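Chains, contacts and geometry: an overview
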Amino acid sequence: MLTTKVMLTGNEAVARGAWEAGVGLGIGYPGTPSTEILEALSLKDGPEVCWAVNEKVALEEAYGAAVGGLRAIVTMKHVGLNVAADPLFITAYLGVNGGLVIAAADDPGMHSSQNEQDNRWYALHAKVPMLEPADSEECLRFTKLAFELSERYDVPILLRLVTRTSHAGGLVLLNEEMKYSRIKRDYVPSPRYVTLPGNSRARKKVLERNLAAIVEDESVQTLDLMEITSPEVGIITSGASYNYVKEVFGDSCSVLKLGLVYPLNVNRIREFAGMVRELVVVEELDPYLENNIKAMGIRCEGKKYITSFYELNPQIVAASLANTTLNIPFPSAGSRAEPAAPGPLPGVPARPALLCAGCPHRGFFYMAKKAKLMMTGDIGCYSLGAMPPLEAFEASICMGGGYTMAQGLSLTVPEGQKVFGVMGDSTFFHSGITGALEGIYNGRAFVPVVLDNRITAMTGHQQNPGTGRMMNGAPTLMQEPAVLFKAMGYDPVMQVGAYDLDAIRSAIQTAKMASGKAAIVVKAPCRLIRGVEGGSRRAVHQNQCQDCRLCLRLGCPAISLGEDGKPVIDALSCFGCGICQQVCRHESIYEVAEVRS
Amino acid sequence: MIRETRTIMLDGVGGQGIIMASKILIDGLIQADYDVKSSEVHGMAQRGGSVITQLRYGDRVYSSLVGEGAVDVLFAMEKLEAMRYAHFLKKDGLLLMNEMEIPPASVLTGESSYPGDINERLGALPVKFFPIAAEAKARELGNVRVMNVIMAGALIKLIGLADDLDWSAVVTAAVKPQYKELNLEAFRSGMELVRHSRPQVLVCNR
Ligand SMILES: Cc1ncc(C[n+]2csc(CCOP(=O)(O)OP(=O)(O)O)c2C)c(N)n1
């Protein structure tokens, strides 16, 4: 066997595991830190790989493929599972045919997320077995096994990732001679696939039986690690937390690392507990293992020592267990080395993310703020429109919520006032359409806006129904939000260029005054899309400038205060969108006629 | 001989080539038969936020990251970012800093100012501080984008990382063929920049 040692991220390793398992379909919706699983899978020959419009759709499609006998993997970030929760719960009852694996990535610490929910509870709640790998090698191995388990026990399998498994690189040995071989089981039509109370009553018994059996499965036993090295303290842990524990304690205390985190192997845990004097649970976020172990009647402590806030690391684990009555030596003093400074150095200005110079979202936000709109927003690059200096919308909850929350708010404002809701194109297709329909149905004083930059920008430029391309680049019908608005009954539907501030102003004005139901689409491609060209760059007439600083209110990273206190435009970063020129009241910003290289 | 696990943390601003610099280091470390883990946070990097990567290498590496006060080497592509994460260093750790200033938004709009005393303040920490003019050197070579490779060369030379390895071959394999000569020159000039500095023995983990 020809093997090579390569570094893969956890996401790449999951993709490789699915490919080695002969997966027929990979489908999901982008979301940090899960996005690169499908992106890596799409580079491999064999499986069908695509972006779905949202997570619920992805899971349902994958389920259909699995019922038909294919192996399927669904990917999403942690909050995506909220969207896909409805089918998740039901597929557990109905059972699968081909293996179905759902890879959902949590983001402890909220590096790039709106919350840090602990998705292990979903496994318990939905009765879906969950595997939790700790590093890339395990990501590959666990994913591969997950498909077999799914078929053997007739349930979907959840694969729990976190940022530090998804985006961590680790060494993996790959068999270079491996070939893709698509698995396809026979499909036998059966009433069991129909969710009716009668079927579900019977299926629930099957499900409970399968859950009891999977714990005893021989290959599942290989996912756990039981390291008995000391009779004093035993630590129960799983996933990334295991790495932190080993980093700090090495072999100085006993460790039980659980690979299957739902259902829990009660006998294994009891056996381990019997071999140590004190039992500690080290887990990130919620006391999921701890509460379950305590419910087994086993004495242990976890959150008494380990914080349930944010992400753990070896230093936090070491500090949390250092000053306790626990009898553990700290062999790896490196995890408690003396720091160079007691804490962050003071006086370091923050470096928040910004809308890019030339971002097509900027002009609408600027005009919306000027028009003093009451507006709710959503999630995407355009979330930055809530930040100073644009500060254009006041609230946002979750994808799709930008339209529906506005409609609720509209019930609280004076008669005649309208509330605007804004979202990006990918978000519109994900879950904005239903909210827009609601606005027509219940006749809300609401104006939907799409900031259509023709790409899913925030998560790194994925295709969506508006781009006219599928994930593999193949052409498909290009959806136009304006056409969908019209079909629902919005009128007038105004489509304006993102860099034309006058047109934006009058669209906002018309929408405010319209007796009918107005909708606005603001359009220009994301400037980071390959091939998108800017205009000629702008510059400031230093002697004409009245120093009113209106242009600085655009929050454009190309514009800064110069040495003499007047704004200057950086020639390199200016994209030439020209909105600063439109904002300037003193005609002090001009186009520089030059050929761009 | 047991090779202790070490941690290199790379930080900077989106677009400065941190991912590429870490790829060179990782490729070399793998060839030198180390166990390697890495950890990246690049949430909003494309939008000009800060980017952080940690690399850990040794005979057996468990965790892909460490917390504050536990990093052996900080490789900072920008001065403010060097200061932002300096407290991640261990006492006696090594701080390699690119002498480059990229003002954040609040400085551009005049709401705050770019600290003028970064070198003095970092120099006062109990660490081995090496500010180098990688950006200026890259401009001299005709392409500012190779400052990451210059920094990588300087780091490898400074800490004697896998010093029996053919790093030029590693760099060559990591870059596009048409940029090979430029990058090799950048790499060598990075080594040259620290030629007169004594090779640094890293603080031991124990
Ligand atoms: C349910 C859910 N799925 C996925 C995400 C991750 N996510 C955040 S924004 C975004 C895409 C936004 O794209 P778009 O609406 O086109 O706006 P843009 O970033 O292009 O401005 C995604 C996929 C999320 N936050 N919630």
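**What about the overall build of chain A?**
Helix and strand counts for chain A stand at 20 helices and 22 strands. Relative to the 2.2 N^0.38 estimate, which gives 25 Å for 597 residues, the radius of gyration of chain A is 27 Å and therefore close to what a compact globule would have. For chain A, the C-alpha atoms occupy an extent of roughly 80 × 65 × 55 Å along the three principal directions. Burial status across chain A gives 58% buried among its 597 residues. In chain A, once contacts between residues fewer than 6 apart in sequence are set aside, the share between residues at least 24 apart is 75%. In chain A, 56 positive and 61 negative side-chain charges are present, and the distance between their average locations comes to 4 Å.

**Some details on the sheet that holds strand 5 (residues 89–98) of chain B**
Strand order in this open sheet of eight strands is 1(A)-8(A)-2(B)-3(B)-1(B)-4(B)-5(B)-6(B), and the pairing throughout is mixed. On the outer flanks of this sheet lie strand 1 (3–9) of chain A together with strand 6 (128–132) of chain B, each paired with one strand and no other. Going across the sheet, the axis of each strand differs from the next one's by a mean of 20°, ignoring polarity. Contacts between helix 6 (residues 147–159) of chain B and the sheet are confined to strand 1 (6–13), strand 3 (50–58), strand 4 (71–76), strand 5 and strand 6 of chain B, with strand 5 of chain B contributing the most and set at about 140° to the helix.

**As for the confidence of the model for chain B**
When pLDDT is averaged across chain B, the result is 91; 94% of the residues are at 70 or more. With a pTM of 0.96, the predicted complex shows an ipTM of 0.94.

**Re the pairing of strand 3 (residues 48–51) of chain A**
Residues and elements named next belong to chain A. Relative to strand 3, strand 2 (residues 25–28) runs parallel, the two being bridged by four bridges. Paired with Gly28 across the bridge in strand 3 is Trp51. Following the backbone out of strand 2, through helix 2 (residues 36–41) and into the adjacent parallel strand 3, one traces a crossover that is right-handed.

**Examining the pattern of salt bridges**
A complete count under the given rule lists 47 salt bridges over all chains for this structure. A:Lys5 serves as the salt-bridge partner of B:Asp33, at 3.2 Å between the closest nitrogen and oxygen. Taken together, the residues B:Asp33 in the loop between helix 1 (18–31) and strand 2 (35–41) and A:Lys5 in strand 1 connect one chain to another. Under the relative-accessibility criterion, A:Lys5 is labelled partly exposed at 37%. Of the charged contacts in the structure, one is a salt bridge between A:Asp154 and A:Arg192, with a shortest N-O distance of 2.9 Å. In this pair, A:Asp154 is assigned in the loop between helix 7 (136–153) and strand 7 (157–162) and A:Arg192 in the loop between strand 8 (168–175) and helix 9 (197–216), connecting sequence segments 38 residues apart.

**Points about the domain arrangement of chain A**
Residue and element names in this part refer to chain A. By domain assignment, chain A separates into domain 1 (3–221), domain 2 (225–337), domain 3 (362–523) and domain 4 (536–595). Listed by partner, the interface residues are 31 residues for domain 1 and 29 residues for domain 2. Summed over both partners, the interface of domain 1 with domain 2 buries about 2,400 Å², with 57% contributed by carbon and sulfur atoms. The largest per-residue losses of area from domain 1 upon contact with domain 2 belong to Arg120, Trp121 and Glu132, which jointly make up 25% of the total buried on that side. In this assembly, domain 1 and domain 2 are joined by three salt bridges. Linking Glu283 and Arg120 is a salt bridge whose minimum nitrogen-to-oxygen distance equals 3.0 Å. Summed over the shared surface of domain 1 and domain 2, the result is 15 residue pairs in polar contact (both at pLDDT 80 or more). Mapped by element, the contributors of at least two residues to the side of domain 1 that touches domain 2 are helix 6 (120–126), strand 6 (130–131), helix 7, strand 7, helix 8 (163–166), helix 9 and helix 10 (218–221). Taken together, the residues that form the side of domain 1 that touches domain 2 break down as 17 nonpolar, five polar and nine charged.

**Focus: the packing of aromatic side chains**
One pass over the structure, following the stated rule, counts 14 aromatic pairs over all chains. Pairing A:Tyr403 with A:Phe446 gives two aromatic rings, centres 5.5 Å apart and planes at 65°, and the pair type is edge-to-face. Taken together, the residues A:Tyr403 in helix 16 (residues 401–410) and A:Phe446 in strand 16 (residues 446–452) connect sequence positions 43 residues apart. Per residue, the accessibility class of A:Tyr403 equals that of A:Phe446, and both read buried. On the numbers, 5.9 Å between centres and 65° between planes, the contact of B:Tyr85 with B:Phe88 is edge-to-face. Note on accessibility: B:Tyr85 and B:Phe88 belong to one class, buried. Chaining the aromatic ring pairs together yields one cluster made of A:Tyr403, A:Phe428, A:Phe429, A:Phe446, A:Phe485 and A:Tyr490. In this structure, B:Arg60 packs its charged tip against the face of B:Tyr62, placed 4.1 Å from the ring centre.

Cut-off values and rules
- Residues numbered from 1 in each chain as written.
- Chains lettered and ligands numbered in written order.
- Predicted model: local features only at pLDDT ≥ 70, side-chain atom pairs only at ≥ 80, totals over all residues.
- Heavy atoms only, no water.
- Helix = DSSP H or I, 4+ residues; strand = E, 2+ residues; numbered from the N terminus.
- Rg over C-alpha atoms; globule rule 2.2 N^0.38 Å.
- Buried < 20%, exposed > 50% of the residue type's maximum accessible area, 1.4 Å probe, protein only.
- Contact = heavy atoms within 4.5 Å.
- Lys, Arg positive; Asp, Glu negative; His and termini not counted.
- Charge placed at Lys NZ, Arg CZ, Asp CG, Glu CD.
- Pairing = 2+ DSSP bridges.
- Axes fitted to C-alpha atoms, helices over the stretch in contact; angles between N-to-C directions.
- pLDDT = per-residue confidence, 0-100.
- Right-handed = clockwise from strand over helix to strand, strands pointing away.
- Salt bridge = Lys/Arg side-chain N within 4 Å of Asp/Glu carboxyl O.
- Domains from an automatic or database assignment.
- Buried area = accessible area lost by both parts, 1.4 Å probe.
- Polar contact = N/O pair within 3.5 Å; in protein donor to acceptor, adjacent residues only side chain to side chain.
- Nonpolar A, V, L, I, M, F, W, Y, C, P; charged D, E, K, R; others polar.
- Phe/Tyr/Trp six-rings, centres within 6.5 Å; stacked < 30°, edge-to-face > 60°.
- Lys NZ or Arg CZ within 6 Å of the ring centre and 35° of its normal.

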